[in-house]
Structures are given as structure tokens and as C-alpha cells.
Amino acid sequence: MSERGATVYEILRHVRPLVLNSARVVEASLRADGVSVGMRAVLEILAEHGPMTVPDIADRLDLARQGIQRHVNDLAGLGWVESRTNPAHRRSVLIATTPAGAELFARIREGELSRLDRMAAECTSEEITTALRVLAALSRDVRAEVRT
């Protein structure tokens, strides 16, 4: 195995538990609002990209449409998303955040960013930016492997 390959492998060994533990922290922080990690992910996509169809949300999150539909149904039941007419397709509705859903996500995101700002304090901003670039490239390449 090459040194580069071994280093990338070590990065991925850190990413796996990081993702799992991050989900646990997020889940705990959302519990009081009755939001699951999946529901939060749907709210984030809608907050960042505007109204979308369930299949489009699923594609963005690399998840099954059925799971996304369950999250959308749960969010709609709580009044945080709503269906809108889709001018591009008569049978496929757009899902959009309600004002209450947008406000909820903004509050969730503000709390998360505040906590994240204190993490990895020994790393410089440049190191954090490099880590972001490396992880984005790995994510892209692993996703391409899955699709081949």
C-alpha cells in the first residue's frame, strides 16, 4: 500500500466514528424540538436550496425517496414544511419550509455553528479550510465509486 493510500485510509478511519458521533450529538441537541437527524437534514436542504421535490431532496442527500417522504410527512405534521404546486410537473409537488420551519432551522443552525466554532481549537483556519477541501474531494470520489 502506498503512503498516500495509507494516509487516506487513516482519514476515513477518523471520518466513520466522527459521522456517527456527530449524529448522536445532533440528535441529542434536537430532541427537545422533536426533530430527528433526518428531519433536520431535509430542513437544511430546503433552507439552502428553496422548494424542491422529494426525489430532488433524496438525490441531494444520497438517500432513498421513501425515507425522505417519511421525514417530509413528519415535518408537515408538525407544521414545518408544506406542499406547493410544482409549475414544472403537475403530479409532483414542491416541498418548502413554512415560516415556522425556517425559523426553527435558523435557530438550530445558529446553535450548531456556535458549538462548532469552539471545536478543533488547536487547528488554524487554514488547516480547517484544507480539511474541508480534502474531505469534499474524498466525498466526490467515493460517491463516484458507488455510482460505477
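You'll find the structure just up there.
So, here is what we can say about the structure in this document.

1. Examining the overall build of the protein
A tally of helices and strands in the protein yields six helices and two strands. For the protein, the α and β elements follow one another from N to C terminus as α-α-α-α-β-β-α-α. For the protein, the spread of C-alpha atoms along the three principal axes comes to 55 × 40 × 25 Å. Within the protein, the proportion of its 148 residues that are buried is 24%. Across the protein, the fraction of contacts at a sequence separation of at least 24, relative to all contacts at a separation of at least 6, is 51%. Only carbon and sulfur atoms are counted for the fraction: they give 56% of the accessible area of the protein, which is about 10,500 Å². Averaged over its 20 positive side-chain charges, the protein has a centre that lies 6 Å from the centre of its 20 negative ones.

2. Quick word on the packing of helix α1 (residues 3-30) against helix α6 (residues 125-147)
A pair of packed helices is captured by two measures, namely the crossing angle of their axes and the spacing between those axes. Following both chains from N to C, one finds α1 and α6 inclined at 95 degrees, their axes separated by 12 Å at the closest point. Overall, the two elements α1 and α6 adopt an arrangement that is roughly perpendicular. Contacts between α1 and α6 involve Val8, Ile11 and Val15 from the first element and Val134, Leu135 and Leu138 from the second. Its residues assigned to classes, the contact of α1 with α6 shows six nonpolar, no polar and no charged.

So, how was this worked out
Residues numbered from 1 in each chain as written. Predicted model: local features only at pLDDT ≥ 70, side-chain atom pairs only at ≥ 80, totals over all residues. Heavy atoms only, no water. Helix = DSSP H or I, 4+ residues; strand = E, 2+ residues; numbered from the N terminus. Buried < 20%, exposed > 50% of the residue type's maximum accessible area, 1.4 Å probe, protein only. Contact = heavy atoms within 4.5 Å. Areas by Shrake-Rupley, 256 points an atom, 1.4 Å probe, with all protein chains shown as cover. Lys, Arg positive; Asp, Glu negative; His and termini not counted. Charge placed at Lys NZ, Arg CZ, Asp CG, Glu CD. Axes fitted to C-alpha atoms, helices over the stretch in contact; angles between N-to-C directions. Parallel < 35°, antiparallel > 145°, perpendicular 65-115°, else oblique. Nonpolar A, V, L, I, M, F, W, Y, C, P; charged D, E, K, R; others polar.

Limitation: the analysis is restricted to geometry and does not speak to function.
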